[in-house]
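Single-letter residue listing:
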Amino acid sequence: MDLNQRGRSLSYPEYKLYRRRFYVLFVFSFLSFNQCLFWITFSPIYNETKEHYNITESTIDLLLAWGPICFLPCLPLTYILLNRSNGLRYCVLLLGIIPLIATIIRIIPYMIISSTDPRFPSISLPFLHVGQIFNSICGPLAMAPVSQISSLWFDTNERTRATTIAIMSYNLGSTTGFLLGPSVVYVSSHLPNLLYIHVGLALIGCILVLIYFPGQPPTPPSPAAELLIKHSNNKKENEQNLRSYFDNLIQCFRTRSFVFLVLAGGLIGGTFGAWTSLFDIILTPEHYTDKQTGWFGFCTSIAEIIGGISLGILADMPRFHHSFKILILISYCCYFLSVCWFNLSIGSLLSSSKLLPSNWLTIGISVTLAGFFQGSALPLTYESIAEIMYPLPESLSASILVEFINLTTLALYFIAPNHSKLMNFIICIIIFICIILIVFTKFSYKRRDADRTKRHTLVQMDINLLENQLDDIQLNSVHITSFTNPIIDLQNES
């Protein structure tokens, strides 16, 4: 057998990227966008909702609070489903179908009774709650798979950007909600128009995922994806998934770096989510209208997306592959300064008067900067905890983080309605604590290092084997020639 034949007989794993990865990311991002948009429906139109349904502020807060309430029990089920064979496909199918059902439930009262009927508020309220609950149980389906999608479909140098897009699409839903709600609902009687728009968006998302959404690529694009596919296809592990889930949880919480980083990321993400969703409550005493607070929320969320994408691009550069700690630390410090500026520009817990001069421009700049720096740190937090806990599935670390984010958000929702100044003060304290946690966190990059090592090892094995085969062929050639050289044969005969 010649060298070429022997080379062809060797079999090595090949890591190939597929263009369909962009379609997969787009569909998931669109469904995630929808889920968040439907969840935050009533907060940006607070006053119109109270008038239209004749309900109290606490009822509107409960409609929003169903998100974190339903998230907590549904997350373990999402993790178990996600780590089965083709689990990602099943999760995304549910994320496409259930929000469509939820949006349809919310418009049923308009089909059976006029909104001007005195009985309308009492009839419509149960449908609103059921619709919000149905949509809220999809929260884990929209938030838990973000790191797993990027690891499963994208290469090492694309993962952070893919994770950023998946996360920020969810945040874009709240951004659009702050702008779309006040733009459509000029008066309370226009509120049904917003709900019909939501049904249309949910229908588009459901059609997209039903047409085509593959569970995994034909071949893994990286060593990390290869390990993830093997894990999800392991039937023995799938049969013991619940037990392995709790075993992996224990392993995570025994890792100090993971605990510190999850605490910091959960507190930062949860306080930011509650803070921005309640801008109307916080800023109404400062004589800002719903439309103005909607624009503040929009600018904050857009800045969050820009910040996440900007730092995601930076983190994917080889020079910054091992610089997540310093990048997160810088982002947290700048976020802290921005929130302090905001608090000093309005009446605070420490002083009823403004300590800094403010107007709509300074408020807008401070919340925009806060969104930018908080958004820049969030995707790096998801990626960092996945790196620390590798080779455990990325969905596990992401699930724990989003669970803690929702616990923090839920706690603040109960504080915020009557203690908005206290919440502003708490946010500053929490950010400062998170900075301390990051300082004492030891970052590791196990997944990136494993990817690089495996790629390097495979190449070296290939070269060494071919060199050995070449040496064998040359030696065999010399040995054969010594028996067939005609000159040597003639000398022997003479």
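Residues numbered from 1 in each chain as written. Predicted model: local features only at pLDDT ≥ 70, side-chain atom pairs only at ≥ 80, totals over all residues. Heavy atoms only, no water.

1. Some thoughts on the overall build of the protein chain
Part 1 of the argument: Within the protein chain, the regular secondary structure consists of 22 helices and zero strands.
Part 2 of the argument: When each of the 494 residues of the protein chain is scored for burial, the buried share is 54%.
Part 3 of the argument: Taking contacts inside the protein chain between residues at least 6 apart in sequence as the whole, the part at least 24 apart equals 85%.
Part 4 of the argument: Summing over all exposed atoms, the protein chain offers an accessible surface of approximately 21,800 Å²; the carbon and sulfur share of this is 66%. (Helix = DSSP H or I, 4+ residues; strand = E, 2+ residues; numbered from the N terminus. Buried < 20%, exposed > 50% of the residue type's maximum accessible area, 1.4 Å probe, protein only. Contact = heavy atoms within 4.5 Å. Areas by Shrake-Rupley, 256 points an atom, 1.4 Å probe, with all protein chains shown as cover.)

2. Some details on unusual backbone geometry
Part 1 of the argument: In this structure, the amide linkage connecting Y390 to the following residue, P391, adopts the cis form with an omega of 15 degrees.
Part 2 of the argument: Within the fold, P391 resides in the loop between helix 18 (360-389) and helix 19 (394-415).

3. What about a nonpolar patch on the surface?
Part 1 of the argument: Together, L422, F425, I429, F432, I433, I436, V439 and F440 make up a nonpolar patch on the protein surface, roughly 690 Å² of accessible area in all.
Part 2 of the argument: With respect to the helices, strands and loops of the structure, F425 is situated in helix 20 (residues 420-439).
Part 3 of the argument: F425 gets classed as partly exposed once you look at its relative accessible area, which sits at 33%. (Patch = residues over 30% accessible without salt bridge, like charges linked within 9 Å, V, L, I, M, F, W, Y side chains within 5 Å. Salt bridge = Lys/Arg side-chain N within 4 Å of Asp/Glu carboxyl O.)

4. Focus: the environment of F324
Part 1 of the argument: Tracing the backbone shows F324 in helix 17 (residues 324-344).
Part 2 of the argument: Accessibility expressed as a relative area gives 0% for F324, which makes it buried.
Part 3 of the argument: Along the chain, F324 and A377 lie 53 residues apart, while their C-alpha atoms are 9.0 Å from each other.
Part 4 of the argument: Once you skip the residues sitting within four places of it in the chain, F324 turns out to touch T160, A315, L380, E383, S384, F443, Y445 and R448.

5. Some details on the packing of aromatic side chains
Part 1 of the argument: Per the stated rule, a full pass over the model turns up 14 aromatic pairs.
Part 2 of the argument: Ring centres of F336 and F432 lie 6.2 Å apart, and the angle between their planes is 45 degrees; this geometry places the pair in the tilted category. Taken together, the residues span a long stretch of sequence, with F336 in helix 17 and F432 in helix 20 at a distance of 96 residues.
Part 3 of the argument: Residue classification places F336 among the partly exposed residues on the basis of a relative accessible area of 21%.
Part 4 of the argument: Taking relative accessible area as the criterion, F432 reaches 47% and is therefore assigned partly exposed.
Part 5 of the argument: Here the aromatic cluster, defined as three or more aromatic residues joined through ring pairs, consists of F42, Y53, Y110 and F120. (Phe/Tyr/Trp six-rings, centres within 6.5 Å; stacked < 30°, edge-to-face > 60°.)

6. Description of helix 10 (residues 191-211)
Part 1 of the argument: Between its first and last C-alpha, helix 10 extends 31 Å over 21 residues, near the 30 Å set by a 1.5 Å rise per residue.
Part 2 of the argument: Among all positions in helix 10, only L191, P192, L194, L195, H198, V199, L201, A202, G205, C206 and V209 are buried.
Part 3 of the argument: Each element contacted by the buried residues of helix 10 is listed here: helix 2 (20-39), helix 3 (46-53), helix 5 (87-112) and helix 9 (159-184). (Expected span 1.5 Å × (residues − 1).)

7. Focus on the pattern of salt bridges
Part 1 of the argument: Tallying each qualifying case throughout the model produces four salt bridges.
Part 2 of the argument: In this structure, R21 engages E158 in a salt bridge whose closest nitrogen and oxygen atoms are separated by 3.1 Å. One end of the pair, R21, is in helix 2; the other, E158, is in the loop between helix 8 (146-153) and helix 9, with 137 residues separating them in the sequence.
Part 3 of the argument: Judged by relative accessible area, which is 8%, R21 ranks as buried.
Part 4 of the argument: In this structure, R119 and D117 form a salt bridge, with 3.3 Å as the shortest nitrogen-oxygen distance.
Part 5 of the argument: Here R119 falls in the exposed class, since its relative accessible area comes to 52%.

8. Let's talk about the state of the cysteines
Disulfides are covalent bonds that link the sulfur atoms of two cysteine residues.
Part 1 of the argument: For the structure shown, the criterion picks out zero disulfides.
Part 2 of the argument: Among the cysteines around C340, which has no disulfide bond, C428 carries the closest sulfur, lying 4.0 Å off.
Part 3 of the argument: Residue class for C428 comes out buried when judged on its relative accessible area of 12%. (Disulfide = S-S within 2.5 Å.)

9. Some words on the packing of helix 5 against helix 10
Part 1 of the argument: Remark: helix 5 packs on helix 10, axes separated minimally by 9 Å, with the N-to-C direction vectors making an angle of 155 degrees. If you check the angle between helix 5 and helix 10, you find them roughly antiparallel. The chirality of how helix 5 crosses helix 10 is left-handed. For the pair formed by helix 5 and helix 10, the contact residues are R89, V92, L93, G96, I97, P99, L100, T103, I104, R106, I107 and Y110 on the first element and L191, P192, L195, Y196, H198, V199, A202, L203, C206, V209 and L210 on the second. (Axes fitted to C-alpha atoms, helices over the stretch in contact; angles between N-to-C directions. Parallel < 35°, antiparallel > 145°, perpendicular 65-115°, else oblique. Left-handed = near helix turned anticlockwise from the far one by under 90°.)

10. As for the packing of helix 14 (residues 256-277) against helix 17
Part 1 of the argument: Running from N to C, helix 14 and helix 17 point in directions that differ by 30 degrees, and their axes come no closer than 13 Å. With respect to helix 17, the element helix 14 is oriented roughly parallel. Judged by the twist between their axes, the crossing of helix 14 over helix 17 is left-handed. Between helix 14, through A264, G265, I268, F272 and W275, and helix 17, the contact on the second element is made entirely by Y332, Y335, V339 and F342.
Part 2 of the argument: Counted by class, the contact of helix 14 with helix 17 contains eight nonpolar, one polar and no charged residues. (Nonpolar A, V, L, I, M, F, W, Y, C, P; charged D, E, K, R; others polar.)

11. As for empty space enclosed by the protein
Rolled over the atoms, a probe with the dimensions of a water molecule shows which regions are left empty.
Part 1 of the argument: Tallying each qualifying case throughout the model produces five cavities of 30 Å³ or more.
Part 2 of the argument: Volume-wise, the largest cavity comes out at about 470 Å³.
Part 3 of the argument: Around the largest cavity, the lining is made up of 34 residues, and of these M143, Y170, N171, G273 and I405 lie nearest the centre.
Part 4 of the argument: Secondary structure elements with two or more residues in the lining of the largest cavity: helix 2, helix 4 (57-82), helix 7 (139-143), helix 9, helix 14, helix 16 (290-316), helix 18 and helix 19.
Part 5 of the argument: In terms of residue class, the lining of the largest cavity is built from 17 nonpolar, 16 polar and one charged. (1 Å grid on protein atoms, 1.4 Å probe; cavity = no way out; pocket = protein on both sides within 12 Å on 5 of 7 lines; lining within 4 Å. Points joined across faces, edges and corners; volume = space filled by probe spheres on them.)

12. Thoughts on the nonpolar core
Part 1 of the argument: Counting residues in each nonpolar core, the largest one holds 119 residues, and the members touching the most others are Y53, W275, Y332 and Y382.
Part 2 of the argument: If you tally residues by element for this core, the top one is helix 18, at 10 residues.
Part 3 of the argument: With sequence-adjacent residues up to four places away left out, W275 is seen in contact with I282, V339, F342, V367, A370, M423, N424 and I427.
Part 4 of the argument: Counting eight residues, the second-largest nonpolar core is a separate cluster that includes F30, L37, L201 and C206. (Core = buried A, V, L, I, M, F, W, Y, C linked by side-chain atoms within 4.5 Å.)

13. Observations concerning the side chain of T408
Part 1 of the argument: When you line up the elements, T408 lands in helix 19.
Part 2 of the argument: A polar contact of 2.9 Å, which involves the side chain of T408, links it to the backbone oxygen of F404.
Part 3 of the argument: Setting aside residues up to four positions removed in sequence, T408 forms contacts with G266, L267, G270 and T271. (Polar contact = N/O pair within 3.5 Å; in protein donor to acceptor, adjacent residues only side chain to side chain.)

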